[in-house]
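The primary structure of each chain is shown beneath.
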Amino acid sequence: TEQRTPRSTYLREVEKRSLPPLSLVMRHQDKPNGVYLANRGLGDLHMAPLIETIDLLPNVDTINLNDNRLTDATLMPLMLKLTSMKSLTHLDLSFNKIDDSSEVIMDYIKSPECCLTTLILNGADVDDTEAGNLSQALALNSSLLTLSLAHNLLGNDEPKVAANKDMITGGVAIGQMLEVNKTITKLDLSWNAIRLGSAEKLAMSIRKNSTLTELHLGHNGFGDNATQIIGRALKTNHTLTALDISYNSLNPKSVAVLANSLVFNDKVSYVNLDGNILGKVGTQAMVAAIQRAASGVRSMHISFNDCDCRKVEHGLFDPANPAGTQIVDLSTPYGVMVVDECMYLANFRAGVTLLKLEYSAGGAFHRVPLNIETTSVGNFSIDAFRKT
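Residues numbered from 1 in each chain as written. Predicted model: local features only at pLDDT ≥ 70, side-chain atom pairs only at ≥ 80, totals over all residues. Heavy atoms only, no water.

A.B. asks: Can you explain the confidence of the model for the protein chain? Please cite residues and give values.
C.D. replies: Summarising the model, the protein chain shows a mean pLDDT of 88, and 92% of its residues fall at 70 or more. Counted against residues more than four places away or in other chains, residues 370-388, with its pLDDT under 50, gives 74 contacts. (pLDDT = per-residue confidence, 0-100. Contact = heavy atoms within 4.5 Å.)

Take a look at the structure:
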């Protein structure tokens, strides 16, 4: 009588294909509940017999097939079997070639049978369209806690947006998903090409999200505007604890806005700013944010590796030397940051006095009454805050 055990099934499958059985596929004694075959480069031919067997293995909670030269020929049947594996919580298919099988992956993620808590698809050729489909599936998923899409193709379609206004890039789609998803706590989008409008839409979603604790955006192209929007979002987001925005073309202006937001946010404890231009003002602002955090109930670590901390950007508000007139636009995060810093200086720094504050609506300036406790050792004037 034919026995359908995992061992006998695997041996029959390799015999069918005239292949030698691989000792690699033996389950580890110290990790009996996982299939760990990362970085083996096995390819579809040698992996196919294992795929025929994998759903027979009892109590599997982890499948790691990272870097095995797999294609749809193997990934498609694998995904079809996962719905019957009720104990599976961790799936890593990184650095394999995912094409048509992406649709089956999406069907699995939005299925009520999906129990995954960790999905890692690094370097899996995930483009903007596939990221959009994945985001739609995640909007219906209630189990996933960790999602990693690093080293993919997100943002490659950004140049096409100008010609096609209806196009939704991966960054926009993920932003829309974060506004409704209530389970994901860790998201890694590093080493993609998310930039311009897509970066701004993704940054805006942080304001509405209430579950993310770690967000990795390193090596994208967020630049000035999107980073300022992140800064504004962190004033109201109180779940994020770690933010990696390294190598994203940040400038002193955006860094100053980000630093100001950390004064109002009492949860963020780690920020990675490596490889950006902080300038003198941005660096001073970050150091001040660390000092203010240390005076409270938390400690904060900020990484400055490979940063330009000396650049002087003329015309940028400098809290270390605030004297003069500042005219700012309150519809921008930077304008709001300048006002916040001025209020802080006027209330807490000896020798700083706020002489005049005016607000313009519709082109007419209006004097705004203020009751601020200040000393009069020195003078510092803000003539007008303009809103356009």
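A.B. asks: Explain the packing of helix α8 (residues 223-233) against helix α9 (residues 252-264) residue by residue, including any values.
C.D. replies: Orientation of α8 relative to α9, taken along the N-to-C sense of each, is 5°, at an axis distance of 8 Å. Taken together, the axes of α8 and α9 lie roughly parallel to each other. Seen from α8, the contacting residues are Gly-223, Asp-224, Thr-227, Gln-228, Ile-230 and Gly-231; seen from α9, they are Lys-253, Ser-254, Val-257, Leu-258 and Ser-261. When the residues that make up the contact of α8 with α9 are grouped by side-chain class, the tally is three nonpolar, six polar and two charged. (Axes fitted to C-alpha atoms, helices over the stretch in contact; angles between N-to-C directions. Helix = DSSP H or I, 4+ residues; strand = E, 2+ residues; numbered from the N terminus. Parallel < 35°, antiparallel > 145°, perpendicular 65-115°, else oblique. Nonpolar A, V, L, I, M, F, W, Y, C, P; charged D, E, K, R; others polar.)

A.B. asks: I'd like to hear about unusual backbone geometry, residue by residue, with values.
C.D. replies: For Asn-39, which is not a glycine, the phi torsion comes out positive at approximately 60°. Within the secondary structure, Asn-39 is located in the loop between β1 (34-36) and α2 (43-53). Within the chain, His-151 stands out as a residue other than glycine whose phi angle is a positive 60°. Within the secondary structure, His-151 sits in the loop between β5 (146-148) and α6 (170-180). Residue class for His-151 comes out partly exposed when judged on its relative accessible area of 40%. (Buried < 20%, exposed > 50% of the residue type's maximum accessible area, 1.4 Å probe, protein only.)

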